[in-house]
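Next come the chains, spelled out residue by residue.
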Amino acid sequence: MSKVAFITGATSGFGRATARRFAEAGWALVLSGRRLERLEELKAELQDKVPVHIAALDVRDAAAVKALVDGLQAPFDRIDVLVNNAGLALAPEAAQKVALEDWHTMIDTNVTGLVNVTHAVLPKLLEIGKGTSIINIGSVAGEWPYPGGHVYGASKAFVKQFSFNLRCDLVSTGVRVTDIAPGMAETEFTLVRTKGNQAASDALYGSTTPLTAEDIAEQIFYVATLPDHININRLEIMPSRQAWSPFAIDRD
Ligand SMILES: NC(=O)c1ccc[n+]([C@@H]2O[C@H](COP(=O)([O-])OP(=O)(O)OC[C@H]3O[C@@H](n4cnc5c(N)ncnc54)[C@H](OP(=O)(O)O)[C@@H]3O)[C@@H](O)[C@H]2O)c1
């Protein structure tokens, strides 16, 4: 029987690369995201290798999340790995210039959405127990503050602490929990953050060597396939050409 990975945000970036990585290893896939046509393309690409179930899903909609999970039929009705990847940053400008709606969208997606999916999928993981995993995609922004990080960084700090707290409750169940915290990676992330500014995205990732979606997918697959008795609590990954800056100091 194939193992099953349930991946949110599979229409782009890390989620799509992760679907491809698990498919390479023969895992059945439940893939979701809001853009159905992207999911259909990915299913067409992967379905000769492995069983693929796709569903257009907005993770902010708790009822839709629960309906999807509860309605899964064999072979997708067992879930071995949940990859809580759907998420976004908006509004790279300073906090005092940001529309409240953008803050709400980040909280609704990165915090409430992740909680919605975790709550719906957890009973399926518990049915199997040993060796299953929840892999939450946090960010270096959840640990390290930076200008323009405001609610995005705070939402990823939630992901980190929620992951650690889940570990405490699940310690005797066999369900593992990991917070994977990437640094700069070239995906559609900056295009979304700048509301479609391709030049800004190209400028950020140009003339350096960012992580790729495939780099992160490889780490997700590694964490998910470690021996049952190993739990990676948090994995923070940066490109070699990214590091921290000195403190900012306001001067006269
Ligand atoms: N790239 C980076 O530098 C970086 C660094 C650290 C952490 N991250 C985190 O990594 C995760 C994946 O981001 P990415 O870099 O791969 O960006 P991406 O290419 O923009 O992919 C984001 C994915 O999230 C999905 N998504 C967004 N809002 C959603 C919603 N309400 N419901 C369902 N799906 C939703 C998108 O699908 P639809 O638009 O089709 O719904 C898309 O598949 C995010 O949690 C992000 O915060 C990224």
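Parameters and conventions
Residues numbered from 1 in each chain as written. Predicted model: local features only at pLDDT ≥ 70, side-chain atom pairs only at ≥ 80, totals over all residues. Pairing = 2+ DSSP bridges. Helix = DSSP H or I, 4+ residues; strand = E, 2+ residues; numbered from the N terminus. Axes fitted to C-alpha atoms, helices over the stretch in contact; angles between N-to-C directions. Contact = placed C-beta atoms within 7 Å. Near = placed C-beta within 6 Å. UniProt positions renumbered as here; feature names shortened; annotations may be inferred. Buried ≥ 20, exposed ≤ 12 C-beta atoms within 10 Å, placed from the backbone.

### What about the sheet that holds strand β4 (residues 81-84)?
Part 1 of the reasoning: Strand order in the open sheet formed by 7 strands is β3-β2-β1-β4-β5-β6-β9, and the pairing between neighbours is parallel. Each edge of the open sheet is held by one strand with a lone partner, namely β3 (52-56) and β9 (234-237). Pairs of neighbouring strands in the sheet enclose a mean axial angle of 15 degrees, with direction left out of account.
Part 2 of the reasoning: Here strand β5 (residues 133-137) pairs with strand β6 (residues 176-182) via 5 bridges, running parallel. Bridged to I134 within β6 is V177.
Part 3 of the reasoning: Across the sheet, helix α5 (residues 150-170) is in contact with β5, β6 and β9; its angle to β6 comes to roughly 165 degrees.

### Brief notes about the site of the ligand
Part 1 of the reasoning: By nearness alone, 32 residues border the ligand, and G9, G13, R34, A86 and G87 come closest of all.
Part 2 of the reasoning: Among the elements that line the shell around the ligand, the one with the most residues is helix α1 (residues 13-24), at 3 residues.

### A look at the UniProt feature "domain: Ketoreductase" (unreviewed entry) in the protein
Part 1 of the reasoning: Feature annotation in UniProt assigns "domain: Ketoreductase" (unreviewed entry) to the following positions: residues 3-187.
Part 2 of the reasoning: Between the first and last C-alpha atoms of residues 3-187 the distance is 27 Å; the span itself is 44% helix and 18% strand.

### Considerations on unusual backbone geometry
Part 1 of the reasoning: In the segment running from A74 into P75, the intervening peptide bond is cis, with an omega of 5 degrees.
Part 2 of the reasoning: Here P75 lies in the loop between α3 (62-70) and β4.
Part 3 of the reasoning: At A91, a position not held by glycine, the phi torsion is positive, near 55 degrees.
Part 4 of the reasoning: Here A91 lies in the loop between β4 and α4 (100-128).
Part 5 of the reasoning: A residue is classified by how many C-beta atoms lie within 10 Å of it, and A91, with 21 of them, is buried.
Part 6 of the reasoning: Phi at S207 is positive, roughly 50 degrees, even though this residue is not glycine.
Part 7 of the reasoning: Tracing the chain through its elements places S207 in the loop between α7 (198-205) and β8 (211-212).

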